[in-house]
Amino acid sequence: MNTTVDSRAQIKFVSQNNQLVPYADAKISIMAPGLTFGALVFEGYRAYWNEEKQDLFIFRLEEHMRRLEFSMDLLELDNPPSIETFTNDILATLKANAFREDTYIRLQVYVDDWGSMLATGPVGSSVICRPRPRVTDFSTGKQFVVSSWRRNAENASPPRIKAAANYLNSRMAGLEAKRQGAGGAILLNEDGTVSEGPGGCLFIMRDGVFITPDVTSGILESVTRRTILEFAASAGVETVERTVGRTELYLAEEAFYCGTGQEIMPITGFDGRLVGDGAPGPATRKLQAAFDEIVRGRNASYDDWLTPVYND
Ligand SMILES: Cc1ncc(COP(=O)(O)O)c(C=O)c1O
């Protein structure tokens, strides 16, 4: 079953190797190491439509680009295009499609053409933008389970690198959770403490404070997680980063999952035990509301986090 909405009909152009082309014309060689050995790093961004300003705002573009630079560096890619070039690719692709709704952007950088497992070039890239409304579970939340799979280890396949190859681990956990009828999975790391989910980070509340596993817990350094740590206090919500033990999930007063795709999505239970009374918590709701104001350009204090697409 395919759970990603097929929006190909709405996509006029994508960018490949820094040129706009029709989606159907974007191709990759079947011998490209990006495909054969997963030598591919990527970023996922969201752009939010603001009706009053009649503009689309890319959220935290610079932070995503910093992480991309780090991922490309660790893959040891040969002279990849500059961040400025990639930024222009994203802006050009959004404009070419004239999207006037919430949009998800995926930028991929990979070893192209023909090569061995150790090939570091030639480097190819692509940008695809597609309409992507907010997940429906944003209001209701979902129940999660602790996966029997461990998060890939820092010294094996570092989760800090946003590499497609890391998503085998995510896939195993996600498929297991789905078979169990759960809404999502939480992975423990090799030390047995809590890391994150297949495609998002975690916050749980204890004694009124939201706790999120620290950046050495086997997580992707999530832009959304960092954003929440930065703005939560202004919404009257206290946060802390530290190691999280498994049983703390079962003691949580509130919990949520976060990431570019899910934004801030309430978690209503772990392993069949309810979080609080099983409904999204009040502090989670407060963070969701404040987040929405920020991403849509309705809180001037955070305008620096937004890149306008049409009125630049
Ligand atoms: C494994 C994983 N963790 C966390 C996140 C959240 O990261 P971000 O907030 O930067 O989207 C993602 C989403 O991209 C992810 O795939």
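What to know about the packing of helix α6 (residues 223–231) against helix α8 (residues 282–295)
Phase 1 of the analysis: Contact pair α6 / α8: the axes reach a minimum separation of 11 Å and the direction vectors enclose 105°. Considering the angle they form, α6 stands roughly perpendicular to α8. Every residue of α8 that contacts α6 at T224, T227, I228 and F231 is listed here: L287, A290, F291 and I294.
Phase 2 of the analysis: Looking at the contact of α6 with α8 residue by residue, the class counts come to six nonpolar, two polar and no charged.

Overview of the environment of D292
Phase 1 of the analysis: Of note, D292 is situated in helix α8.
Phase 2 of the analysis: Given the relative accessible area of 17%, D292 is considered buried.
Phase 3 of the analysis: The residues contacting D292, other than those within four sequence positions of it, are R134 and R298.

What about the domain arrangement of the protein?
Phase 1 of the analysis: Partitioning the protein into domains gives domain 1 (9–131) and domain 2 (137–295).
Phase 2 of the analysis: The gap between the C-alpha centroids of domain 1 and domain 2 is 26 Å.
Phase 3 of the analysis: Of the residues lining the interface, 19 residues belong to domain 1; the matching set on domain 2 comes to 19 residues.
Phase 4 of the analysis: Taken together, both faces of the contact between domain 1 and domain 2 bury some 1700 Å²; the carbon and sulfur share is 64%.
Phase 5 of the analysis: Elements that contribute at least two residues to the side of domain 1 that touches domain 2 include exactly β3 (40–50), β4 (55–59) and α2 (61–75).
Phase 6 of the analysis: Counted by class, the side of domain 1 that touches domain 2 contains ten nonpolar, four polar and five charged residues.

The rules we used
Residues numbered from 1 in each chain as written. Predicted model: local features only at pLDDT ≥ 70, side-chain atom pairs only at ≥ 80, totals over all residues. Heavy atoms only, no water. Axes fitted to C-alpha atoms, helices over the stretch in contact; angles between N-to-C directions. Helix = DSSP H or I, 4+ residues; strand = E, 2+ residues; numbered from the N terminus. Parallel < 35°, antiparallel > 145°, perpendicular 65-115°, else oblique. Contact = heavy atoms within 4.5 Å. Nonpolar A, V, L, I, M, F, W, Y, C, P; charged D, E, K, R; others polar. Buried < 20%, exposed > 50% of the residue type's maximum accessible area, 1.4 Å probe, protein only. Domains from an automatic or database assignment. Buried area = accessible area lost by both parts, 1.4 Å probe.

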